[in-house]
Each structure stands twice: as C-alpha cells, then as structure tokens.
4 protein chains.
Amino acid sequence: MADSPMLDLGRKILASQPFSAFLGAELLNLADGAAELGVPIRPEFAQQHGFVHGGIVSYAADNALTFAGGTVLGTAVVTSEFKINYLRPARGVLLVARATVVHHGRRQAVCRCDVFASENGNETPCATAQGTIVRLAAPR
Amino acid sequence: MADSPMLDLGRKILASQPFSAFLGAELLNLADGAAELGVPIRPEFAQQHGFVHGGIVSYAADNALTFAGGTVLGTAVVTSEFKINYLRPARGVLLVARATVVHHGRRQAVCRCDVFASENGNETPCATAQGTIVRLAAPR
Amino acid sequence: MADSPMLDLGRKILASQPFSAFLGAELLNLADGAAELGVPIRPEFAQQHGFVHGGIVSYAADNALTFAGGTVLGTAVVTSEFKINYLRPARGVLLVARATVVHHGRRQAVCRCDVFASENGNETPCATAQGTIVRLAAPR
Amino acid sequence: MADSPMLDLGRKILASQPFSAFLGAELLNLADGAAELGVPIRPEFAQQHGFVHGGIVSYAADNALTFAGGTVLGTAVVTSEFKINYLRPARGVLLVARATVVHHGRRQAVCRCDVFASENGNETPCATAQGTIVRLAAPR
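Residues numbered from 1 in each chain as written. Chains lettered and ligands numbered in written order. Predicted model: local features only at pLDDT ≥ 70, side-chain atom pairs only at ≥ 80, totals over all residues. Heavy atoms only, no water.

Looking now at the packing of aromatic side chains. Enumeration over the complete set of coordinates arrives at 23 aromatic pairs over all chains. Ring centres of F22(A) and F22(B) lie 4.6 Å apart, and the angle between their planes is 5°; on these two criteria the pair is classed as stacked. Of this pair, F22(A) sits in helix α2 (residues 18–23) while F22(B) sits in helix α2 (residues 18–23), on two different chains. Judged by relative accessible area, F22(B) falls into the buried class, the value being 19%. Judged by centre distance (5.5 Å) and plane angle (90°), the ring pair of F19(C) and Y59(C) falls under edge-to-face. Placement of the pair is F19(C) in helix α2 (residues 18–23) and Y59(C) in helix α3 (residues 54–73), with a sequence separation of 40 residues. Of the two residues, F19(C) and Y59(C), neither departs from the other in class, the shared state being buried. Grouping aromatic residues by their ring pairs yields a cluster made of F19(A), F22(A), F45(A), Y59(A), F19(B), F22(B), F45(B) and Y59(B). (Phe/Tyr/Trp six-rings, centres within 6.5 Å; stacked < 30°, edge-to-face > 60°. Helix = DSSP H or I, 4+ residues; strand = E, 2+ residues; numbered from the N terminus. Buried < 20%, exposed > 50% of the residue type's maximum accessible area, 1.4 Å probe, protein only.)

See below:
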C-alpha cells in the first residue's frame, strides 16, 4: 500500500531537519491527530550507564508532539513547551514515540506522547510527555 | 587557576556519556548547587528553519539540571522529570545551559535551568526549564 | 451494589482533608490504578468571566492524581509535582477529574488526569494533567 | 504612600474573582513583570496531615502567574498551562506566591513563581512553578 500524502509530507519535513537526519529519526506514521516517530538506537546515544540518554528520549517526544500537532494545525508549527517524565531506563534497538492530539483550537494543540524502547519485538514504556504545539504566526 | 575537583569530576562523568561526546557538550562550570553546560552549535543541530533544534536545547537543559542536582545529591543521579518552555528560536555559536538547585532533600533535588544562545558575545535567552533530579537507589 | 473497600477507604481519606470537605469534593470511584473525583460547581468557584477558576480545576487534577497514585503505592502518598494544560473554559454543574497510573515503581507513580466539566449530561474536556506521586518516607 | 494604579487595578480584578474572594486571597504587590499574592491560611485549607493542601498552593501559584503575565500582556489573560513542584509541607499563617515574567512576546508570557509559607516572620519555600500566560483573543 502506498503511504498517505500526509505521511509523505511529514517525511519531507523530517528530512529537512538536519538534527533529525543526524540522529537518523524516521517518521513511522502520521495521521489526523497522531504521529509515530522512530529513532534507531546507536551506541553513541548512550549515557554513562549504557542506557539511551534522556536527551534522545526527550528529542523523540518533543518531535513526535510537534508532528502530531502539525496534523491539525498545519505544517508551520513548533513545540511551545512540554513536560516529560522518564519511566524506565531505555535500551534496545529502536525508540518509538507515539503522540496524539488531546485538544486543539485554531492556534494551538495540546498533545501527549508515550515513548517506548523496543527490543526483540517487545516494547517497554520509557517516558511519557505532554505539551503545547503552536502555529507560527504568519509573516506580516 | 586550576579547575575545581568538582568540575574535574563532572567533566569525567560528561566524557563518559557517549551522547554528550557525540554532541560535543562541555561542562563549563560546576559548583555547589550550580552547573553550566555548553554545546557548540553545529550545522547538523538545526531544524528546518535553520534554528537550533529544540531537541538539542532540551538535551542541554536536561543534562545541566542533572549535573546541578548531582552537586548536592552525589554522582549517581538521573533526571526524573522536567518541563521546558521554549522562549525564542536559538541561533549562534554556542548554547549555554545554566542550572541551579532550588531545593533539595536527601533523595531528590528540584532545579531550574535557563538556556541561552550565544553569538558575537551576546547571550539571548532561548528556553527555561524546571525539573526533579533523583538519586539512584543503591543496589541491595 | 456495595462500594468497594478501596473506595470506602478513599472516601474516609478524602473526608479527612478539610480543604476537600470545604470545596465539597467527592470520590466517585477508586480502583487499582484509577481514581475519579467529582467537585459540584458552586457560584463561589468562578473566576471573573463566570467560568470555573483554574485553581479549582488544578485542585481536582492534583487530588485525583494523588488518589490514583495511592491505589498502587499505599495511603501515605503526596503529589510531588504535576503539570496541567487548561483546554477550555469550564462551566456546568460538576467537575470530574479522572486519573490513571501510567507507570509505577515501589516509591513513586507517574499518573495522568483528564478533567471534564459536566452539564446536562454532557462532558466537556477542560484540562489535562500529568504528575508524579511519591510515597512518604516512613518515620525512622 | 498610595498604592500604584496597577496594584489598584489588580485588586479590582482579584475582587471580581469569586473563588479568590472565597479563599480570601489578597494582591500584595503588582508591578511591571511581577506579582505577589497572599493567602491567609485558614484551618479549612488543610490536608489530612494538617499542612496546607496542595490545591491551595497551586491556586496561589497559578493566580500569581496570571497576574504577573497580565502586567505585560494586559488584563485579558489566562493561564494556559503551568507546572508546579512541591518542595516542603506548607504551614503557618500566610501563603505568599511571588511570580515574575521570564520572557514575553505580544501574545504570551512565560513566568515563574515561588510560593512561601510564612510563620513568625519566617518564610519557608514550599513550591516552585513555571507556566505560560496567554492573552485572550479579541472577540471578532
């Protein structure tokens, strides 16, 4: 099956973020009100105890939140703020961040995101986040 | 003047985080209740509009919060949760995250962090964060 | 049907909180990992535009989070921190805060809460929250 | 010395909030970018252990944040979201919430707030908060 036009567009936007390309992030799914971002785990993403560094986990949450918000607000959006709780040390082969829109108006969307670490086909929840995505003001 | 033993120790810990080495982060200062982390800005840290990606800004905030908490709780600490508000698009040559301990007990510390983008010697505030650092439970 | 022992115990604890009695809050449900708190809306709970004041909404979220956490951690718990996004102005006859445990260990639970305003049998989401509930340290 | 016109206006707005009147909150100070809100502690504000209920502490933080934001955005503002960390059990005769604007644009302000419990002239920090205040959209 062909990917949806929304997912295609989302992948173009992700590819235009040098930092996301640098980390190797992939958009796994994008639909009305929902985004799924994957980050294959590499050795250089670790912290001192061998687990995935929180900075990668929060990147994944932040970016998935933004993409979810973008599905209802349009492509010119940024994360205004978010909060993240780390639940468990993350290890495995893939981080998956799944974000959904909880509520949105014309200007902003409140979204949630769960981040999982996947290994041997098992997903373990490792963080949960909540944040606000805002539409960039049009140039005047 | 020689660096303090605390700063030396902090730099060893930072160097033992593969992700921090991968990003090129540096510990600029570490003292009782305060940490200053610098991240030289590279082109691959950008988002699609050319500014520094929020994921780098939140990495810097998260890690500075952890190091600040570590100055009062000991070296075996992790960020349990944090919240970040992005204030302005970040651009320049260096991100600087300055975190301080607001309050701490034996087991956890509540810390704040301001993140600045530095260019031509001028610092612009680009994010502010607040979070909880917890001591890892001793193995039993 | 008789109420569960857990709900009975929860109601005793809620009744022992003078502030909850002062506001007229009621525990509607309490089960493993979930709490539902109701606050009948009174005119004195308004802000200047006639909607329910955010302070009541955040009280309801905070307390529902604590009770949800208590179902997995025991009765000696407090909210350590939480974050709330207000979604819509709240009005109606009843605020309902529904909290669930996302993840917990022995010492703390991360919980989410949705707050609704109920009027004429319709519920409107008005806030969403996420926070950490911690077990009080035993006296030593 | 006469109170400033800004403080006078703030007190009128606070008085127009039935919930703030119900709790007995007072605006102690209001200036460009800063607000100080006091809540005299009454027995009915307690939780089950005799300390001030978190719901009152978060009300004070939330409202002080809103007033601080209002000093730079105008009077038609609401708290969009905030996060609070409780630091210590609060007891005493007066809660004091001091909020300041960290950064603001035309549409929103990011503010911080520290809440203290005052007893015998001593102030003890009991919570710290950070949030976003937004200007209400003009009717169209």
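Text resumes after the structure shown.
Bringing unusual backbone geometry into the picture now. Positioned with a positive phi, N120(B) is a non-glycine residue whose angle comes to about 50°. Following the sequence through the fold, N120(B) ends up in the loop between β5 (108–119) and β6 (122–135).

Below, the discussion takes up the sheet that holds β5(B). The strand order across the open sheet formed by twelve strands is β1(A)-β2(A)-β4(A)-β5(A)-β6(A)-β3(A)-β3(B)-β6(B)-β5(B)-β4(B)-β2(B)-β1(B), and the pairing between neighbours is antiparallel. Each end of this open sheet is capped by a strand with a single partner; those strands are β1 (26–31) of chain A together with β1 (26–31) of chain B. Strand-to-strand twist in this sheet, taken as the mean axis angle between neighbours without regard to direction, amounts to 20°. Pairing analysis gives five bridges linking β1(A) to strand β2 (residues 34–40) of chain A, with the strands arranged antiparallel. Bridge pairing in β2(A) places A31(A) opposite A34(A). (Pairing = 2+ DSSP bridges. Axes fitted to C-alpha atoms, helices over the stretch in contact; angles between N-to-C directions.)

All right, on to the interface of chain B and chain A then. With 33 residues of chain B in contact, the opposing surface of chain A contributes 33 residues. Taken together, the two surfaces of chain B and chain A that pack against each other cover about 2,600 Å², and 59% of this comes from carbon and sulfur. In terms of surface lost to chain A, no three residues of chain B exceed F19(B), F22(B) and Q48(B), which account for 24% of the buried area on that side. The tally of links from chain B across to chain A stands at two salt bridges. The partner of E81(B) in a salt bridge is K83(A), and the shortest N-O contact between them spans 2.7 Å. (Contact = heavy atoms within 4.5 Å. Buried area = accessible area lost by both parts, 1.4 Å probe. Salt bridge = Lys/Arg side-chain N within 4 Å of Asp/Glu carboxyl O.)

Okay, the interface of chain A and chain C next. With 16 residues of chain A at the contact, the number on the chain C side is 16 residues. At the boundary of chain A with chain C, total buried surface from both sides reaches about 1,500 Å², with 48% on carbon and sulfur atoms. For the chain A face of the interface with chain C, the top three residues by lost area are H103(A), R112(A) and Q130(A), together amounting to 40%. D114(C) is paired through a salt bridge with R112(A); the nearest N and O atoms lie 2.9 Å apart. Broken down by secondary-structure element, the contributors of at least two residues to the side of chain A that touches chain C are β3 (77–86), β4 (94–104), β5 (108–119) and β6 (122–135) of chain A. The residue makeup of the side of chain A that touches chain C, split by class, is six nonpolar, five polar and five charged. (Nonpolar A, V, L, I, M, F, W, Y, C, P; charged D, E, K, R; others polar.)

Two copies of one chain are present, and they are related through a rotation about an axis combined with an axial shift. Each copy of the sequence occupies a distinct position, and chain A is placed on chain C by a rotation of 180° and an axial shift of 0.0 Å, giving an RMSD of 0.0 Å. Taken together, the turn and the small shift mark the pair as related by a two-fold rotation axis. Most of the interface of chain A is mirrored in chain C, where 100% of its interface residues again form contacts. (Least-squares fit on C-alpha atoms with pLDDT ≥ 70 in both.)

This part takes up the relation of the copies chain B and chain A. Its rotation angle being 180°, the transformation that places chain B on chain A also includes 0.0 Å of axial translation and leaves an RMSD of 0.0 Å. Interface overlap between copies: 100% of the residues of chain B at the interface are likewise at the interface in chain A, consistent with a symmetric, same-surface contact.

Right, let's talk about helix α3 (residues 54–73) of chain B for a bit. All names here are of chain B. The end-to-end C-alpha separation of α3 is 28 Å, in line with the 28 Å expected for 20 residues at 1.5 Å each. For α3, a buried count of 19 out of 20 residues is recorded, marking the element as mostly surrounded by other parts of the structure. Note on α3: the residue one or two positions beyond its end, G74, has a positive phi of about 105°. (Expected span 1.5 Å × (residues − 1).)

This next bit is on the packing of helix α1 (residues 5–15) of chain C against α3(C). Residue and element names in this part refer to chain C. Interaxial distance between α1 and α3 falls to 12 Å at its minimum, and their mutual angle equals 135°. By the angle class used here, α1 and α3 are oblique. Read as a crossing pair, α1 and α3 show a hand that is right-handed. Facing M6, G10, I13 and L14 of α1, the residues of α3 in contact are Y59, N63, F67 and T71. (Parallel < 35°, antiparallel > 145°, perpendicular 65-115°, else oblique. Left-handed = near helix turned anticlockwise from the far one by under 90°.)

On to the sheet that holds strand β5 (residues 108–119) of chain D. Ordered by their spatial adjacency, twelve strands build an open sheet running β1(C)-β2(C)-β4(C)-β5(C)-β6(C)-β3(C)-β3(D)-β6(D)-β5(D)-β4(D)-β2(D)-β1(D), and the pairing between neighbours is antiparallel. The two strands at the open ends of the sheet, each matched to only one other strand, are β1 (26–31) of chain C together with β1 (26–31) of chain D. Between one strand and the next, the sheet's axes are offset by a mean angle of 20°, whatever the strand orientation. Pairing of strand β3 (residues 77–86) of chain C with strand β3 (residues 77–86) of chain D involves five bridges; the strand directions are antiparallel. Within β3(D), the position partnered with F82(C) by the bridge is I84(D). Most of the contacts of helix α1 (residues 5–15) of chain D go to β1(D), to which it runs at about 140°, and overall it touches β1 and β2 (34–40) of chain D.

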